[in-house]
Amino acid sequence: MALLIPTQLFRDVSAITPEYLAGQGIRALVLDVDNTLTAHGSQEVSPAVSDWLARMKAAGIGLAIASNNFEKRVAPFAQRIGVQHVSFCCKPAPFGLARARHILGVERGALALVGDQIFTDSLGAHLYGIKMLLVRPVTRDIKMLIRARRWLEQPVLRRYFEQGGTIL
Ligand SMILES: [Mg+2]
């Protein structure tokens, strides 16, 4: 269970502030795409996400995408937001996160993964030894497999709150 529990839960990416990151010693973020930055499969960048990305870049926070989705879905989105990317990461396996860290050039202690799923993102971050900033999914999931995982996530989130975890 401990490997699943996020470092911190946020209502969405725009709640992640440069002040929070500075307080945690985080200098770079590995970003999930689907249901973290935009709806599943969407190329759209909302004004709120666009503003947040600009704030992160202005604060000198390194950004790289690490998505389990395919190159043809991830590359155009990454280009659109001006961030380097790793596609087909196979999170929770560590190698995609390792490639993203190599791009960013920071030690693990200064790196966090921002994502929406416990069993891919949170587990992957902990297995790789970096912090996990969990966001609420952008939209309700349609895929049955992901919906089943959401149901399985509930006890993990319950434990997070029992241990004094908050939502920012
Ligand atoms: Mg996701």
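To be clear, the structure that these remarks concern was listed above.
Treat the numbers as computed from the prediction; the structure is a model and nothing was measured.

Undergrad: Tell me about the packing of helix α5 (residues 118-128) against helix α6 (residues 144-162), and please be specific about residues and values.
TA: As a packed pair, α5 and α6 sit with axes 10 Å apart at the nearest point and diverge in direction by 45°. By the criterion of interaxial angle, the relationship of α5 to α6 is oblique. Along the contact surface, α5 presents I118, F119 and T120, while α6 presents R149, L152, E153, V156 and L157. Split into classes, the residues belonging to the contact of α5 with α6 amount to five nonpolar, one polar and two charged.

Undergrad: Just give me the short version of the coordination of the magnesium ion, but keep the residues and values in it.
TA: Each protein donor to the magnesium ion is listed here as D32 (OD), D34 (O) and D116 (OD); together their distances run 2.0 to 2.2 Å. Read in sequence order, the donor residues for the magnesium ion give the motif D-x1-D-x81-D. Linking D32 in the loop between β2 (28-31) and α2 (47-58) with D116 in the loop between β5 (111-115) and α5, this pair joins segments that are 84 residues apart in sequence. D116 sits in the buried class, given a relative accessible area of 2%.

Undergrad: Summarise the packing of aromatic side chains; cite the residues concerned and give the values.
TA: On inspection of all chains with the given rule, the structure shows three aromatic pairs. Between F70 and F88 the ring centres are 5.7 Å apart and the planes differ by 15°, which places this aromatic pair in the stacked class. Taken as a pair, F70 in the loop between β3 (62-66) and α3 (71-81) and F88 in the loop between β4 (84-86) and α4 (95-104) lie far apart in primary sequence, 18 residues in all. With a relative accessible area of 52%, F70 lands in the exposed category. Since its relative accessible area comes to 48%, F88 is described here as partly exposed. Each ring, one from Y160 and one from F161, has its centre 5.2 Å from the other, and the planes form 70°; the classification is edge-to-face. Owing to a relative accessible area of 4%, Y160 belongs among the buried residues under this scheme. Over the ring of F77 we find R73; its NZ or CZ atom is 5.6 Å from the centre of that ring. Geometry around Y128 places R108 over its ring, the cationic atom sitting 4.2 Å from the centre.

Undergrad: Please set out α3 residue by residue, giving values where relevant.
TA: R73, V74, A75, F77, A78 and I81 are the residues of α3 that are buried. Its buried side turned inward, α3 meets α2, β3 and β4. Two residues or fewer after α3 comes G82, characterised by a positive phi angle close to 70°.

Basis of the calculations
Residues numbered from 1 in each chain as written. Predicted model: local features only at pLDDT ≥ 70, side-chain atom pairs only at ≥ 80, totals over all residues. Heavy atoms only, no water. Axes fitted to C-alpha atoms, helices over the stretch in contact; angles between N-to-C directions. Helix = DSSP H or I, 4+ residues; strand = E, 2+ residues; numbered from the N terminus. Parallel < 35°, antiparallel > 145°, perpendicular 65-115°, else oblique. Contact = heavy atoms within 4.5 Å. Nonpolar A, V, L, I, M, F, W, Y, C, P; charged D, E, K, R; others polar. Donors = N, O, S within 2.8 Å, 3.2 Å for Na, K, Ca; no water. Buried < 20%, exposed > 50% of the residue type's maximum accessible area, 1.4 Å probe, protein only. Phe/Tyr/Trp six-rings, centres within 6.5 Å; stacked < 30°, edge-to-face > 60°. Lys NZ or Arg CZ within 6 Å of the ring centre and 35° of its normal.

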